[in-house]
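Each chain is listed here by its residues.
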Number of protein chains: 2
Amino acid sequence: MQNSEALALTAVLLAAAGELTQRINDGVVARGFEGRPAYGFAFTRLSAGGATVTELAAHLGVTKQAASQLVDELVRKGYVERQAHPGDARARLVVLTERGWACTRAAEEAAADAVRPWVELLGESEVRALRDQLARIAPYGPIRPAW
Amino acid sequence: MQNSEALALTAVLLAAAGELTQRINDGVVARGFEGRPAYGFAFTRLSAGGATVTELAAHLGVTKQAASQLVDELVRKGYVERQAHPGDARARLVVLTERGWACTRAAEEAAADAVRPWVELLGESEVRALRDQLARIAPYGPIRPAW
DNA sequence: GCAGATGGTCAAGCAGGTTGACTATATGCT
DNA sequence: AGCATATAGTCAACCTGCTTGACCATCTGC
């Protein structure tokens, strides 16, 4: 594989990811929620039974201070609440509120809408293959692109 | 395709793009250049015969003011220079210097290194297919992810 | 029960972007 | 030709989201 092809791969990955992210966010806003893209990625982590600020920070690829600020924001907007952590008095469990669940569902719908044109263009099996290949490559890296 | 799968696709796209971007930047730095990820994407645009600030802004998905600042930075570090634009006295053509070309080649090498593990895991034809599919999906969007 | 690690927050600072205003040149219309 | 409008670029002010550094409370291992 030529060097310039590798750069092109990166560019197209970024473009695709950016486009999807933007469309999902637009879709969420259109459904009556206010938010920025980071919300959706926080929600996917929180929907698995809640998480601590530190876990969330690792998932998003930011410092725990930044994650804490994000949680403040989400609390203020009524999407999550902080609960006592069972079994660790230092930690606090961040969990979705009812409105948080509603927003999560909205994000999933918006994501499905955003991907639909891809499915129509490439076919469902191809898109799924794409996802699986990418999952093999970047299994559990942080969500946040480095710039 | 289920809704949650669409969100997962976005997450893995972002993770993959972020990982690649980071590794490329690290590779460029390791080769003795100082830079941030945006440089590489600016270079790919400039290597096609130079570009104006406005064209660069569109390519990167930022305002022309932001692009102008980036160019200032690149000039200060000796990677590019501003020339008179032939045929439009308002515009100025931003072109790579010799050092800018060297840095571009370093970025391409670093990109090839970063992609190599993927090629080993999936095979060259698969990676190329991945790139081609993504190119069909997000043909000429701006490079910058929305957050 | 003490030393060091870990979860969380507060405060300050910063990088990289945005919006708004402005100048110089180009383009199109009459 | 001449005027109105659009476009390229820059300057200045500001803002958002993140980082670094310091700190307290609690947990864990010896």
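Please read these numbers as outputs of a predicted model, since none were measured by experiment. (Residues numbered from 1 in each chain as written. Chains lettered and ligands numbered in written order. Predicted model: local features only at pLDDT ≥ 70, side-chain atom pairs only at ≥ 80, totals over all residues. Heavy atoms only, no water.)

**Digging into the packing of helix α2 (residues 37-46) of chain A against helix α3 (residues 53-60) of chain A**
Residue and element names in this part refer to chain A. One can describe the packing of α2 onto α3 by two numbers: an axis separation of 10 Å at closest approach and a directional angle of 125 degrees. Considering their axes alone, α2 and α3 lie oblique with respect to each other. Viewed along their axes, α2 and α3 form a crossing whose handedness is right-handed. Side by side, α2 and α3 meet where Phe41, Ala42, Thr44, Arg45 and Leu46 of the first sit next to Glu55, Leu56, His59 and Leu60 of the second. When the residues that make up the contact of α2 with α3 are grouped by side-chain class, the tally is five nonpolar, two polar and two charged. (Axes fitted to C-alpha atoms, helices over the stretch in contact; angles between N-to-C directions. Helix = DSSP H or I, 4+ residues; strand = E, 2+ residues; numbered from the N terminus. Parallel < 35°, antiparallel > 145°, perpendicular 65-115°, else oblique. Left-handed = near helix turned anticlockwise from the far one by under 90°. Contact = heavy atoms within 4.5 Å. Nonpolar A, V, L, I, M, F, W, Y, C, P; charged D, E, K, R; others polar.)

**Concerning the interface of chain A and chain B**
Bring the parts together and some accessible area is lost; that lost area is often taken as the interface size. Contacts between the two partners involve 53 residues from chain A and, on the opposite side, 53 residues from chain B. For the chain A and chain B pair, buried surface summed over both sides reaches about 5,800 Å², with 75% attributable to carbon and sulfur atoms. Seen at the junction of chain A and chain B, the total is four salt bridges. Residues Glu5 of chain B and Arg131 of chain A are paired through a salt bridge, measuring 2.9 Å at the closest nitrogen-oxygen approach. Counting across the chain A and chain B interface gives six residue pairs in polar contact (both at pLDDT 80 or more). Elements that contribute at least two residues to the side of chain A that touches chain B include exactly α1 (3-30), α2, α5 (98-122) and α6 (124-137) of chain A. Counting residues per element, the side of chain A that touches chain B draws most heavily on α1 of chain A, at 20 residues. (Buried area = accessible area lost by both parts, 1.4 Å probe. Salt bridge = Lys/Arg side-chain N within 4 Å of Asp/Glu carboxyl O. Polar contact = N/O pair within 3.5 Å; in protein donor to acceptor, adjacent residues only side chain to side chain.)

**Some words on the environment of Ala48 of chain B**
Mapped onto the elements of the fold, Ala48 of chain B is located in the loop between α2 (37-46) and α3 (53-60). Since its relative accessible area comes to 57%, Ala48 of chain B is described here as exposed. (Buried < 20%, exposed > 50% of the residue type's maximum accessible area, 1.4 Å probe, protein only.)

**Digging into the confidence of the model for chain A**
In this model, chain A carries an average pLDDT of 90, and 92% of its residues clear a pLDDT of 70 or more. The secondary-structure element of chain A with the lowest mean pLDDT is α1 of chain A, recorded at 87, while strand β2 (residues 92-96) of chain A shows the highest, at 98. (pLDDT = per-residue confidence, 0-100.)

**A short note on the protein's contact with DNA strand C**
Taken together, 20 residues lie around DNA strand C, and Lys64, Ser68 and Arg90 of chain A together with Gln65 and Ala89 of chain B are the ones closest in. Protein-proximal atoms of DNA strand C, defined as those within 4 Å of the protein, fall in sugar or phosphate at a share of 58%. Contact between DNA strand C and Ser68 of chain A: a phosphate oxygen at 2.5 Å from a side-chain N or O atom of the residue. For DNA strand C, a phosphate oxygen lies 2.7 Å from a polar atom in the side chain of Thr63 of chain B. Taken together, the elements giving at least two residues each to the surface near DNA strand C come down to α3 and α4 (64-76) of chain A together with α4 (64-76) of chain B. Tallied by class, the residues present in the surface near DNA strand C amount to five nonpolar, seven polar and eight charged. (Near = heavy atom within 4 Å.)

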